[in-house]
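The chain contents come next:
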Amino acid sequence: MSEYIDFGAFVKYSKAGPRYTSYPTAVEFSQKWSAEDYIQSLKRADSMSNLPLSLYVHLPFCRSACYFCGCNVIYTSREDKKQRYIHYLKKELALLSQVMDTSREVVQFHFGGGTPTFFNASELEEVIHLVRGHFTNFATHAEISCEIDPRFFVREQMAILRANGFNRLSFGVQDFDEKVQEAIHRHQSIEVVSHAINLAREFGIDSVNFDLIYGLPYQDEKSFASTLEKVVSLSPDRLAIFNYAHLPWIKKTMRKIDETTLPSPSQKLEILKNTIAFLQGQDYAMIGMDHFAKKSDELYLAKMSNELRRNFQGYTTRGFSQTIGIGLTSIGEGVDYYSQNFKDIQSYENALDNGKLPVERGIRLSREDILRKEVIMGLMNNLCLDFAPIESKFDIDFRAYFAPSLAALKEYEQAGLVSITPHSIHTSATGGMLIRNIAMTFDAYLGAHQGDKRFSKTI
């Protein structure tokens, strides 16, 4: 791993920047975007031939707070809140079926949260049947997935998920070190996770993902290496290893974390370097940003042919699909728009009670947005970019059109992080860890957001 000598020199690249789950980023979403704008976008998408659907359903409830969490969550132990939420999901689905063609093919279906497994087996089944009752054309090999909290996962839930076609599960693990778990308010033993993954394997789930986080309080190279050894012993097919984004001015629960216990940027880089080296030695390959997969996994095969795509559900091999966000705070994505539902439950319910889709904000993409989205997502997905397809699609000379961006990449090229040819950009292994920085050079909006506290540090 000679490439990582003098790794600490790259700490200087730690700066606030987007994660690029979308482009333009959510910072650009506007409340001028209305439910009517969304409806018109849905109708435009219906007219596009052979554009498949991806469904995301947000189940927002958690029993208690994990202090690291940046998700939109409602903390409750009340059972009646779940039934009330299902009632409003039913209203939203009914409205969607009135304004779009719900018979189009569904290639992805994902339950996110919150904690989807806060809903019991019968409640999960009720939500699944509601969705399938409106969106009726599921592809034979659709990706159907659910986020799982191993602490709240029982056989009855697994049986319902499997009976309804779920074939991918993502388990929240984060870290196995007890001191780290105490600091983030999430106690979860390896025995609990082992039981959950054994349950998944027993029911024939063919793809299991673990979510881990580096940069949490009290983590260091040794402790995270121990977590990785335990993780690999459970043999997940995929790993998502996220850089912790400490944003206490946005997420109040993060204020409970003692900032003096957080690893430094140089420590985080060292943890990431060691993580990549260890996982490569265990026959996992780096897939895009923060993700790893076994070399037998279809994500790896797609990576090898530069066919990966990333949406709000993560990396996928299914190509572009129109995402329909359902539920509180969900984000929908089309060829030329993003649309997000209300984040607060009262506004969400009020809109639906008034017979309106619960749209809070969004954006219509310009041709320039779509072009830059193609470039940025290409880099984020595959850690490289061929110019020819973009030149053909948008009728441009890439090097001339993006001359300022390519000039900004010169320092990365001189540092050995990227190589730029007349026809392509390729990141080195180290450059792949800094892919957010590299993508930022193509972001037309970033200059207006220097120092924006809504962005996390890239390292």
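Keep in mind that this is a model prediction, so the values were computed, not measured.

Rules used in this analysis
Here the residue numbering is sequential within each chain, running from 1 through the sequence in written order. pLDDT decides what is reported in this predicted model: residues at 70 or higher carry local features, side-chain atom pairs at 80 or more are listed and counted, and totals for whole chains, interfaces and linings draw on all residues regardless. Values reported for side chains reflect all heavy atoms of the structure, with hydrogen atoms and water molecules removed beforehand. UniProt positions are given in the numbering used here, feature names are shortened, and annotations may be inferred rather than shown by experiment. For the purposes of this entry, the term helix denotes a DSSP run of H or I that reaches at least four residues, the term strand denotes a run of E that reaches at least two, and both are numbered from the N terminus. Think of it in three bands: with a 1.4 Å probe and only protein chains considered, a residue is buried below 20% of the maximum accessible area for its type, exposed above 50%, and partly exposed in between. For this analysis, residues touch if any pair of their heavy atoms sits within 4.5 Å. Following DSSP output, two strands are said to pair if at least two bridges run between them. Think of each axis as a best-fit line through the C-alpha atoms, taken over the contacting stretch in the case of a helix, with angles from 0 to 180 degrees between the N-to-C directions.

### Remarks on the UniProt feature "binding site: S-adenosyl-L-methionine 2" (unreviewed entry) in the protein
Next, step 1: Per the UniProt entry, the sites bearing "binding site: S-adenosyl-L-methionine 2" (unreviewed entry) are Phe68, Cys69, Gly70, Gly114, Thr115, Gln174, Arg186, Asp211 and Ala245 in this numbering.
Next, step 2: The topology assignment puts Gly114 in the loop between strand E5 (106–113) and helix H3 (121–134).
Next, step 3: On the basis of relative accessible area, Gly114 is assigned to the buried category, the value being 19%.
Next, step 4: Excluding anything up to four places from it in sequence, Gly114 contacts His58, Leu59, Pro60, Phe61, Cys62, Asn72 and Val73.
Next, step 5: One can find Gln174 in strand E7 (residues 168–174).
Next, step 6: For Gln174, the residues in contact, after removing those within four places along its chain, are Phe68, Ile184, Arg186, Asp211, Leu212, Ile213, Gln219 and Phe224.

### Quick notes on the sheet that holds strand E20 (residues 424–427)
Next, step 1: Within the open sheet, the three strands sit side by side as E18-E20-E19. Their pairing is antiparallel. At either end of the open sheet lies a strand with only one pairing partner, and these are strand E18 (384–386) and strand E19 (418–420). Recorded for the sheet is a direction-independent mean angle of 15° between the axes of neighbouring strands.
Next, step 2: Summarising the sheet, E19 and E20 pair through three bridges and their orientation is antiparallel. Directly across from Ser419, in E20, lies its bridge partner His426.
Next, step 3: The sheet contacts of helix H11 (residues 367–382) involve E18 and E20, and relative to E18 the element is tilted by about 130°.

### So, the UniProt feature "binding site: S-adenosyl-L-methionine 1" (unreviewed entry) in the protein
Next, step 1: Using the residue numbers shown here, the UniProt feature "binding site: S-adenosyl-L-methionine 1" (unreviewed entry) corresponds to Tyr56, Gly113, Glu147 and Ile331.
Next, step 2: Tracing the sequence through the fold places Glu147 in strand E6 (residues 138–148).
Next, step 3: A relative accessible area of 27% means that Glu147 is categorised as partly exposed.
Next, step 4: Non-local contacts of Glu147, meaning those with residues more than four positions away in its chain, are made with His110, Phe111, Gly112, Gly113, Pro116, Thr117 and Ser170.

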